[in-house]
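What follows is each chain in one-letter form.
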Amino acid sequence: MTTTRTTLRELVRIPGGGRYALSATVEAATSGMLRPFIVIYAVLIGLGAPQAGMTLTVGMLAGLGVVPLAGRWVDRGARRAPAVAALLVRAVGSLLLALVPGIAGFTIGAVLIGVGTQIAPPTNSALVAALAGPSRRTAALAAGRSLRNAGLGAGALLGTVLVASGPEVLRWLALATALGCAFGAAVIARVPLPHQEVPAPALAAATREAPGAGLRTVTILALACTPYAFYADVLEIALPLLLVQGLHASLAWPSGIFVANTVMVIALQLVVVVRLAKWPHRTVLFWSGLLLAASYLGFWLGGATGGGPGTVLVALAIMPHTLGEILYTGSSVPLVIESAPPHLMGRALARWQLSYGLARAVDPLIITGLLSLGAAALWLPLAAATLLGAATVRLGIRRHRLHSSLGQSMSHAAADGGSPADDGPLTLAMLIGPSVVLPPREAEAHPARRPAT
C-alpha cells in the first residue's frame, strides 16, 4: 500500500533528493512565518493597504518578465543554478524588509520577492525532474509540493504565535525568511546532478535554430488551464467574502475551511497522485477541471440558499474543490514536462508559469469585482470557463489517441514488410480510389505500382 511516508522516503533515497527535501522544508517553513502578515507589515511602516497590494502586484508582474529568461537558462543545461538564484533573490528581498524598514526598502524587497517567487516553480520543477528521472518524476514533484505545503502551514502557525507578542516581531520574521532562503540556496548548490539530464550541444543548437518548435501543445494547454489557476484565490479571497459578507457567517467558518483544505492536501496529495500515476496526466487534468467547476457551482448554490444551510453547503463543496486542486497540481507540471521536447523543457515550464502567474496576479481584481456584482456573476462564469478548459484538455486526449493509433498502424505496416514511407502512398491510394496514377518519380521508384496499360 502506497502511503505518504513511503513516497517521501523514495524522494529522500533519490541521489540529491534528501538535500532538496531539506532545502524545500526549511525555505517553506521560514517563508510561511512572514507570508500571511506581509501586508500588515507594510501598513505598520506607513503604506496604505491599497499601496501595499499594488506594490506586491508590481513585484509579481516583474517576476513574470523574468520567467522566460529563467526558462532559457534551464534550456542551456542549467539545473541547480536557476533554483539557487530564485532562493537568493528572495533572501535579498526579505533581508531588505528586515534591515530597511521603510517604504523604499519594502518596495525593492517586494519586487525581489516577486521575482524569486515567480521563477521558483519552473526552476524547481526542472531540478526535481533532473534528480528523479522520468519514472519517478510525478511522485517526486508531488512529494516536494507536500513538503512545501506542510512547511508553509507550520511556519504560518508559528508566525501567528509569535506575532501575538507584538507587531515588532515582524522584522524578525522577515530576517528568518531571509536566512531560511539563504540556507536553502546553500543546500541546493551542493545537490549532485545526473549528467545525462543536461541537454546535448546538438539539442541546444536546435533550440537556437527553432526557438518555438514543439511548444504549441504546451501553449494550448497553458491557455486552456488558465481558469484552473483561480483555485487558490477562490479559497483565500472569494470564500471569506462569500461566507462573512454574503452569508453573515462568523470568521471561524473561512478559517476552519482553510485549515481543512490544508490538512486534506497534506494528507491526500501524495497518496492520490501516486495512485493515479498509471492514468494519463491529461485525463487526470480533465477530471480536475470537472471537480473544480462542480465546487464553484456548489459555492453558488450555497450563496443562493443563504443562512445556515447555505454555509454548510459551502463547507461541503470544499471537498471536491480540494480534490480538484490535488489533481491539478499533481498532473499539470508533469504533463507540461512530457509534452515538450527535452531541450525545450525550460521554456515549456516558463510558458506554463507565465499563464499561471498572470492569472494569479489578476484574479484578486477579477474575483472581488465580479463578486461585488453578485454571487452568480462570479461563480457561473468561473465554472463555465473551467469547464471550457477541461473540454479543451479532453480534445487534446482524443487528438493524442488518434496520433497514437496512426503511429501504431504505421508500425504494423513496417512489421509486415513495408515501411512507413511506403505506407503513405498506398494508404492514400486506397482512400482516393484504385485509379490513382503516381507521379513519374514515384512510378520510377516503385515500378511494381506502375498502372496497367
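You'll find the structure just up there.
Residues numbered from 1 in each chain as written. Predicted model: local features only at pLDDT ≥ 70, side-chain atom pairs only at ≥ 80, totals over all residues. Heavy atoms only, no water.

Another aspect to go through is the overall build of the chain. Helices and strands together make up the secondary structure of the chain, namely 17 helices and 0 strands. Looking at the chain as a whole, 44% of its 453 residues are labelled buried. Expressed as a percentage of contacts within the chain between residues at least 6 apart in sequence, the contacts between residues at least 24 apart total 83%. On the chain, roughly 21600 Å² of surface is accessible, and the fraction owed to carbon and sulfur atoms is 69%. (Helix = DSSP H or I, 4+ residues; strand = E, 2+ residues; numbered from the N terminus. Buried < 20%, exposed > 50% of the residue type's maximum accessible area, 1.4 Å probe, protein only. Contact = heavy atoms within 4.5 Å. Areas by Shrake-Rupley, 256 points an atom, 1.4 Å probe, with all protein chains shown as cover.)

Let us now look at the pattern of salt bridges. Going through the model one piece at a time under the given rule, you end up with 3 salt bridges. Arg-90 serves as the salt-bridge partner of Glu-27, at 2.7 Å between the closest nitrogen and oxygen. Here Arg-90 lies in helix H5 (residues 80-99) and Glu-27 lies in helix H2 (residues 17-34), a separation of 63 residues in the sequence. Side by side, Glu-27 and Arg-90 carry an identical accessibility label, which is buried. Between Glu-27 and Arg-148 there is a salt bridge, and its shortest N-O distance comes to 2.2 Å. Residue Glu-27 is located in helix H2, and its partner Arg-148 is located in helix H6 (residues 103-163); the two are separated by 121 residues in the primary sequence. What makes Glu-27 buried here is its relative accessible area of 3%. (Salt bridge = Lys/Arg side-chain N within 4 Å of Asp/Glu carboxyl O.)

In this section: the packing of H2 against helix H7 (residues 170-188). Across the interface, H2 lies against H7 with an axial gap of 8 Å and an inter-helix angle of 165°. Accordingly, the angle class assigned to the pair H2 and H7 is roughly antiparallel. Here the hand of the crossing between H2 and H7 comes out left-handed. For the pair H2 and H7, contact is made by Arg-19, Tyr-20, Leu-22, Ser-23, Val-26, Glu-27, Thr-30, Ser-31, Met-33 and Leu-34 and by Leu-170, Leu-173, Ala-174, Ala-176, Thr-177, Gly-180, Cys-181, Phe-183, Gly-184, Val-187 and Ile-188, respectively. For the contact of H2 with H7, the per-class residue count stands at 13 nonpolar, 6 polar and 2 charged. (Axes fitted to C-alpha atoms, helices over the stretch in contact; angles between N-to-C directions. Parallel < 35°, antiparallel > 145°, perpendicular 65-115°, else oblique. Left-handed = near helix turned anticlockwise from the far one by under 90°. Nonpolar A, V, L, I, M, F, W, Y, C, P; charged D, E, K, R; others polar.)

Further remarks concern the nonpolar core. Among the nonpolar cores identified, the biggest contains 67 residues, and Val-234, Leu-239, Tyr-296, Phe-299 and Trp-379 are the most heavily contacted of them. Contact partners of Trp-379, with chain neighbours within four places excluded, come to Val-234, Ala-238, Leu-239, Leu-242, Tyr-296, Phe-299, Trp-300 and Leu-371. Of all hydrophobic cores here, the second largest spans 16 residues; its members include Leu-47, Ala-52, Ala-98 and Ala-110. (Core = buried A, V, L, I, M, F, W, Y, C linked by side-chain atoms within 4.5 Å.)

It is worth spelling out the packing of aromatic side chains at this point. Evaluation of the coordinates by the stated rule reveals 7 aromatic pairs. Measuring from centroid to centroid gives 5.4 Å for Tyr-228 and Tyr-328, while their planes differ by 45°, and the two rings are tilted. Here Tyr-328 lies in helix H13 (residues 307-339) and Tyr-228 lies in the loop between helix H9 (216-224) and helix H10 (231-246), a separation of 100 residues in the sequence. Consider the rings of Tyr-328 and Trp-352, whose centres lie 6.3 Å apart with planes at 40°: the pair is tilted. With Tyr-328 in helix H13 and Trp-352 in helix H14 (residues 345-373), the pair connects residues that are 24 residues apart, well separated along the chain. Taken as a pair, Tyr-328 and Trp-352 share a single burial class, namely buried. Pairwise contacts between aromatic rings join Tyr-228, Tyr-231, Tyr-328 and Trp-352 into one cluster. Sitting above the plane of the Phe-286 ring, Arg-394 keeps its charged end 5.3 Å from the centroid. (Phe/Tyr/Trp six-rings, centres within 6.5 Å; stacked < 30°, edge-to-face > 60°. Lys NZ or Arg CZ within 6 Å of the ring centre and 35° of its normal.)

Moving on, we come to the side chain of His-321. Assignment of secondary structure puts His-321 in helix H13. Here Tyr-231 takes part through its backbone oxygen, which lies 3.2 Å from a polar atom of the side chain of His-321. Sequence-distant contacts of His-321, that is, excluding residues within four places in its chain, are made with Tyr-231, Val-234, Leu-235, Leu-292, Ser-295, Tyr-296 and Phe-299. (Polar contact = N/O pair within 3.5 Å; in protein donor to acceptor, adjacent residues only side chain to side chain.)

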